[in-house]
Amino acid sequence: MKRLHKIKLAWALALAVAPGVLNADTIKFDFKDPKKVNNVVFLLDAPLESINGTATGVSGTVAFDPARPTATTGKIVLATSSLHVDNPVMKEHMIDEEWMHVSKFPTIEFVVEKMNKVKTSGTTTTAMIAGKLTVKGVTKKVNVPVRLTYLKGQLIKRNRVPGDLLVLRSDFKIKRSDYGINAGKKEEKVSDEIELKLRVAGAAPH
Amino acid sequence: MIGCSGLILWLVGGLHMGWSKSTETRTEIDEVTGLEYPVTENKYVLGVELFGATLAVSGGLLGLSLAFRNPARLDKQPGAETSSTQL
């Protein structure tokens, strides 16, 4: 009877400790960046007009294990209030109800669910991310290419605290009609296709 | 005058071919991560639409001035006095 108790206790301990052991090398990177280096560039090339803008209100976290990049998960959030174009009238139109409706939809979210076609060379990993992109309240499954660069111990050069950096670059295209952004309207001036360039770095202090 | 002012402002703004801008965004590179990031500063740059508007206004005013200019008076034309005395 005592032996049975010992076995049960051993299993209970093993189950309790297992997740910690499995995730022992997973590093959680925080993408909040007060310096506003993290950014998303958006480009629209319509027959009558080209629009390019930026957004720097990036936050979110990514769990990354340098030894097992396939297990990468996380979420990158972009504050829509940070969307910017240099023309003030265009910016006013962009944030209003007809287009991005910033007051109702304050964030754009990209959830990393799975990494496929992972190739690692030195500190750089390329892969296809299978995830979910939510824009203007509409969530769609997406597969986007990504390049991750793991900079071990480099955080001290940037933030003066010891730690690691994870740089994430991704270029992909979406269609505004898929996300209900004034779908099918004014396509001669505002193209349906939006090219996105994600350039972000996350910090993991030790 | 209006057209020349528009032309000068457009030239000073660097012959910007797009719409007018109230900010200007340039790209810099973060030394540690190598990431390109935008830096936005407040700067007014005249666009082609306002440059075109200044040219249109100046052209319109020139047209109006030509259309409604005072007709030249006969008594101020050379030889007008002589011809009247002859009659």
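Starting from 1, residues in each chain are numbered consecutively following that chain's sequence as written. Chain labels run from A onward and ligand labels from 1 onward, assigned in the order the entries are written. Per-residue local features are limited, in this predicted model, to residues with pLDDT of at least 70; the limit for side-chain atom pairs, both in listing and counting, is 80 or more; totals at the level of whole chains, interfaces and linings are taken over all residues. The side-chain values count all of the structure's non-hydrogen atoms but skip hydrogen atoms and water molecules.

## A closer look at the side chain of Ser82(A)
Residues and elements named next belong to chain A. What counts as a helix is a DSSP run of H or I of at least four residues, what counts as a strand is a run of E of at least two, and both are numbered from the N terminus. Within the fold, Ser82 resides in the loop between strand S5 (73-79) and helix H2 (88-95). Side-chain polar atoms of Ser82 contact the backbone nitrogen of Thr56, separated by 3.4 Å. From its side chain, Ser82 meets the backbone oxygen of Ala79 in a polar contact 2.7 Å long. If we skip the residues at most four places from it in the chain, Ser82 touches Thr54, Ala55, Thr56 and Gly57. Polar contact is defined as a pair of N or O atoms within 3.5 Å, subject to the rule that within protein one atom must be able to donate a hydrogen and the other to accept it, and that residues adjacent in sequence are counted only when both atoms are side-chain atoms. Contacts between residues were defined by any pair of non-hydrogen atoms, one from each residue, lying within 4.5 Å.

## With respect to helix H1 (residues 2-12) of chain B
All names here are of chain B. Here's how the labels work: a residue is buried when its accessible area is under 20% of the maximum for its type, exposed when over 50%, partly exposed in between, all with a 1.4 Å probe on protein chains only. Inspection of H1 places Gly3, Gly6 and Trp10 among the buried residues, and these make up the whole buried set. Buried residues of H1 fall within an arc of 65° about the axis and therefore sit on the same side. Exposed residues on H1 whose side chains face more than 90 degrees from its buried face are Cys4, Ile8, Leu9 and Val12. In this structure, the buried side of H1 is in contact with helix H2 (48-67). In this description, the arc belongs to the directions extending from the helix axis to the C-beta atoms.

## Quick notes on the interface of chain B and chain A
At the junction of the two partners, chain B supplies 16 residues and chain A supplies 23 residues. When chain B packs against chain A, close to 1,400 Å² is buried across both sides, 61% of that on carbon and sulfur atoms. When a carboxyl oxygen of Asp or Glu is within 4 Å of a side-chain nitrogen of Lys or Arg, the pair counts as a salt bridge. Here chain B is connected to chain A by 1 salt bridge. A salt bridge links Arg158(A) to Asp30(B); the nearest nitrogen and oxygen atoms lie 3.5 Å apart. Counting the contacts that link chain B with chain A gives 10 residue pairs in polar contact (both at pLDDT 80 or more). Each residue is assigned to one class: nonpolar for Ala, Val, Leu, Ile, Met, Phe, Trp, Tyr, Cys and Pro, charged for Asp, Glu, Lys and Arg, and polar for all the others, Gly among them. Classifying every residue of the side of chain B that touches chain A gives 5 nonpolar, 7 polar and 4 charged. Buried area is calculated as the accessible area (1.4 Å probe) missing from two parts once they are joined, with the contributions of both summed.

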